[in-house]
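Residue-level listing of the chains:
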Amino acid sequence: MASPQLARPERADLTRAIVDLVDDETILVSGIGNASFDLRAIAGERPLNFYMLGSMGQAISIGLGLALAQPERPVVVMEGEGSVLLNMSALATIGMQAPPNLTLVIWDNEQWQITGGQTLSTATSCNLAAVARGCGLASAATPGDVEEFAQSLRFALDAPGPHAIVVKIAPTPSLPPQRDDPVAIKLNFMAALGVEPD
Amino acid sequence: MTSGGWREAIVAALKQNDIKLVCHVADTVLAPIIRMLEADSDVHVVTLTREEEGVGLLTGAYMGGIRGALMLQASGFGNILNSLGSLAIPYQIPFPIIMSARGGFLEHNVVQVAWGKSAPAAAELLGMQAFAMTHPEDVPFIATQAMRHAYVSRRPTLLTIETQLSGGKTGG
């Protein structure tokens, strides 16, 4: 069990590939836990990043709302498989709304790594790419390494979506969380979008 | 005011507050309002799969410059609590939640009572305000101002359609 997982790509390398590939107009949304810890560590200075601090599962729904409100911008969501399983109903809503500018990147280490490695259904029985296809997303790729991942992301950014990219990743330990202020995250992100808050 | 007038008043209040996105898990009380909104080319209506998605969706839409509202039945309010507490409230995301408040006058189904009666108290425990719409003649004022309250207070605000107003599930 451990050795094939260790051969898998690392979240940090994949997150860096996203940051390197997207342009300055692209919105990046990261879900709770590792997705946000990694994005902040790798590209914390990037103005169009939105970090979620709680509300497990909601990153893909936040991405849907942003994709509908900002149809000219690509929106890329990074989210763990545990969170997608928790809010799996949102895949059906995303398929129905079908925003062409939305890409969901799903990190799948087949466990709740951050809470002690409890095994999830993606380790045994649940195929999230098949779920995404079944919900009507335009494509669902399953790249096996960083290079294939970059190809999948380039395709997703060019072709009308919504797209899912489900990557089996190594169960790399988390970076330490950073103390943060949700209102500051929101205000900085809205300022970068040029939207005036109430 | 005609018997259906309070529904038109809710639609007018949404428009007065510049709300252009409405997401919902419907019930029979909300259905005529949703039909009116679907016929309105200025409003985008999203049929959710589960209510909690609406909190994330409206958070993204608001930050992207589009004001939205969430419509649900009282049971659905029970399904959104964590995302209110750990997303919309701490990030200060304003939107009205328009709730069909089963469980009161003429309720025939006992399971509707718990959330129909406790949703306003739960909202207040979370630090939100709840405003009840009970009499048709009060709806234009309450709906417009309660929605405005969401933007002034920078947090979700609950508006309940009480069963005295709607007649409950079996009413017109």
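Summary of the structure given here. (Residues numbered from 1 in each chain as written. Chains lettered and ligands numbered in written order. Predicted model: local features only at pLDDT ≥ 70, side-chain atom pairs only at ≥ 80, totals over all residues.)

## Regarding the overall build of chain B
How we decide: In DSSP terms, a helix is any run of H or I states spanning at least four residues, a strand is any run of E spanning at least two, and both are numbered starting from the N terminus. Radius of gyration here uses only the C-alpha atoms, and the compact-globule reference equals 2.2 Å multiplied by the residue count raised to the power 0.38. The burial criterion counts other C-beta atoms lying within 10 Å of a residue's C-beta, which is placed from the backbone; the residue is buried at 20 or more, exposed at 12 or fewer, and partly exposed between these limits.
The helix and strand inventory of chain B stands at eight helices and six strands. In chain B, the succession of α and β elements from N to C terminus is α-β-α-β-α-β-α-α-β-α-β-α-β-α. In terms of overall dimensions, chain B is globule-like: its C-alpha atoms have a radius of gyration of 14 Å, near the 16 Å expected for 172 residues. For chain B, the C-alpha atoms occupy an extent of roughly 40 × 35 × 30 Å along the three principal directions. Within chain B, the proportion of its 172 residues that are buried is 51%.

## Structural notes on the interface of chain A and chain B
Many analyses report the size of an interface as the accessible area lost when the parts associate. As a reminder of what qualifies: By the convention adopted here, residues make contact when the C-beta atoms placed from their backbones lie within 7 Å. Nonpolar residues are Ala, Val, Leu, Ile, Met, Phe, Trp, Tyr, Cys and Pro. Charged residues are Asp, Glu, Lys and Arg, and all others, Gly as well, are polar.
Taken residue by residue, the interface counts 27 residues in chain A and 29 residues in chain B. Considering each element in turn, the side of chain A that touches chain B owes the most residues, eight residues, to helix α4 (residues 59–69) of chain A. Per-class residue counts for the side of chain A that touches chain B are 14 nonpolar, eleven polar and two charged.

## Re the sheet that holds strand β3 (residues 75–80) of chain A
Residue and element names in this part refer to chain A. As a reminder of what qualifies: For two strands to count as paired, DSSP must find a minimum of two bridges between them. Think of each axis as a best-fit line through the C-alpha atoms, taken over the contacting stretch in the case of a helix, with angles from 0 to 180 degrees between the N-to-C directions.
Across the sheet, which stays open at both edges, the six strands sit in the order β2-β1-β3-β4-β8-β7 with parallel pairing between neighbours. A single partner strand is all that each edge strand has here, and the edge strands are β2 (49–51) and β7 (139–141). Strand after strand, the sheet turns through a mean of 15 degrees between neighbouring axes, direction not considered. Relative to strand β4 (residues 102–108), β3 is paired through six bridges, and the arrangement is parallel. The residue bridging M78 from the neighbouring strand is V105, located in β4. The strands touched by helix α2 (residues 11–21) are β3, β4 and β8 (163–168); relative to β3, the strand with the most contacts, the crossing angle is about 170 degrees.

## Considering the nonpolar core
Definition in use: As used here, a nonpolar core is made of buried Ala, Val, Leu, Ile, Met, Phe, Trp, Tyr and Cys residues. They are joined through C-beta atoms within 7 Å.
Core analysis: the biggest nonpolar cluster contains 106 residues, and I165 of chain A together with M99 and A143 of chain B have the highest contact counts within it. Examining the composition of this core, we find that eight residues originate from one element, α4 of chain A, more than from any other. If we ignore the near neighbours within four places in the chain, the residues touching I165 of chain A are T103, V105, I106, A141, P143, F149, S152, L153 and A156 of chain A.

## A short note on unusual backbone geometry
Cis rather than trans, the peptide bond between G161 of chain A and P162 of chain A has omega equal to 5 degrees. Tracing the sequence through the fold places P162 of chain A in the loop between α8 (146–158) and β8. In this structure, Q92 of chain B is a non-glycine residue whose phi angle is positive, near 60 degrees. Summarising the element assignment, Q92 of chain B is placed in the loop between α5 (81–88) and β4 (96–100). Under the C-beta neighbour-count criterion, Q92 of chain B is labelled partly exposed, with 17 such atoms within 10 Å.

## A short note on the environment of R148 of chain B
On the secondary structure map, R148 of chain B appears in helix α7 (residues 139–153). Taking C-alpha positions, R148 of chain B is 11 Å from I19 of chain B, a pair spaced 129 residues apart along the chain.

## Concerning the pairing of β4 of chain B
Residue and element names in this part refer to chain B. Most of β4 sits inside the fold, with five of its five residues counted as buried. Sheet topology note: the strand β3 (residues 67–73)/β4 ladder contains four bridges and is parallel. The residue bridging Q73 from the neighbouring strand is S100, located in β4. In this structure, β4 lies alongside strand β6 (residues 157–161), joined through five bridges in parallel fashion. Bridge pairing in β6 links I97 to L158.

Remember that the coordinates give geometry; whether it matters functionally is a separate question.
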